[in-house]
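Okay, here's what each chain looks like letter by letter:
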Amino acid sequence: MSAAVSGVTTATLTNPIWMVKTRMQLDGAHMHKNSFDCFKKIVRNEGIKGLYKGISASYLGTVEICIHFVLYEKFKMLIRQQNDRGSGKIAGIVDYFGAAAMAKLIASIISYPHEVARTRMRQRPEPSSLPLPQQQQHLNYSQQQQQQLQSHASISSRSISSSPSPRSGAATAIPSAANASFNSKYSGLWKTFRIIWIEEGVYGLYGGICAHLMRTVPNAAVMFMAYEFVLDYFD
């Protein structure tokens, strides 16, 4: 219970930070100068509630914390039973490292889909999901891409315009911001899960899990090993 409460509290307080981090990681177009600029744009374009997108997935992620702590305490109890039969303190510290790593591995695999859902929900929203006065501002990057495409295809467009071909003209036409139509795809937690499951299957729900495990498992193992070492040192 304490793990769940601490997880919900932490998720609520830190969600804006993770929101900015995710947007910066997805910012392949370099639309944000820095983290503070990203924060200001989120608040201006999406309001304060934009900073808390994906928080429902973060709350669901407290399941991972609970599983991790329960499994670790179980593994630690088994380790202490073995140490009572003559194992040294150094062996116990090493065993704590393995117990924490195994507990985190199992917990992460079980609960990882919430990480994917949270990232999808934090993606930059399409213009149609924003208020009308903000749509034109939100399309700045799309218009820049359109201008680049137009300048890049200027030579070929001249040759195409010399020969009357309606189909070719339609192929080179680039939609303007005024008539663009977009839909907000990931607008809710369960809707996001459903879309990923239908379109991508199990693979989509576990995309990027290897990189996630490479980061979280060693981190948790070292943290818990250091915690147990300090406790044993001062006992």
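Rules and cut-offs
- Residues numbered from 1 in each chain as written.
- Predicted model: local features only at pLDDT ≥ 70, side-chain atom pairs only at ≥ 80, totals over all residues.
- Heavy atoms only, no water.
- Patch = residues over 30% accessible without salt bridge, like charges linked within 9 Å, V, L, I, M, F, W, Y side chains within 5 Å.
- Areas by Shrake-Rupley, 256 points an atom, 1.4 Å probe, with all protein chains shown as cover.
- Salt bridge = Lys/Arg side-chain N within 4 Å of Asp/Glu carboxyl O.
- Helix = DSSP H or I, 4+ residues; strand = E, 2+ residues; numbered from the N terminus.
- Buried < 20%, exposed > 50% of the residue type's maximum accessible area, 1.4 Å probe, protein only.
- UniProt positions renumbered as here; feature names shortened; annotations may be inferred.

### Some thoughts on a nonpolar patch on the surface
Among the surface-exposed residues, Phe229, Val230, Tyr233 and Phe234 lie close enough to one another that they form a single nonpolar patch of about 490 Å² accessible area. Note that Phe229 resides in helix H12 (residues 209–234). The class of Phe229 is partly exposed, set by a relative accessible area of 45%.

### Here we look at the UniProt feature "transmembrane region" (unreviewed entry) in the protein
The feature "transmembrane region" (unreviewed entry), as given by UniProt, occupies residues 50–70 and 90–112 in the numbering adopted here. For residues 50–70, the helix share is 71%, the strand share is 0%, and the end-to-end C-alpha distance is 33 Å.

### Thoughts on the pattern of salt bridges
Per the stated rule, a full pass over the model turns up eight salt bridges. Between Lys76 and Glu73 there is a salt bridge whose closest N-O contact spans 3.5 Å. In this pair, Lys76 and Glu73 are both assigned in helix H4 (residues 62–83), three residues apart and thus about one turn of the helix distant. On the basis of relative accessibility, which here comes to 7%, the residue Lys76 falls in the buried class. The exposure class assigned to Glu73 is partly exposed, which follows from its relative accessible area of 41%. Across the pair Glu115 and Arg118 runs a salt bridge, and its minimum N-O distance is 2.5 Å. Taken together, the residues Glu115 and Arg118, both in helix H6 (residues 113–121) and three residues apart, mark about one turn of the helix. The exposure class assigned to Arg118 is buried, which follows from its relative accessible area of 17%. One salt-bridge network, in which partners are shared between bridges, spans Arg23, Glu46 and Lys53.

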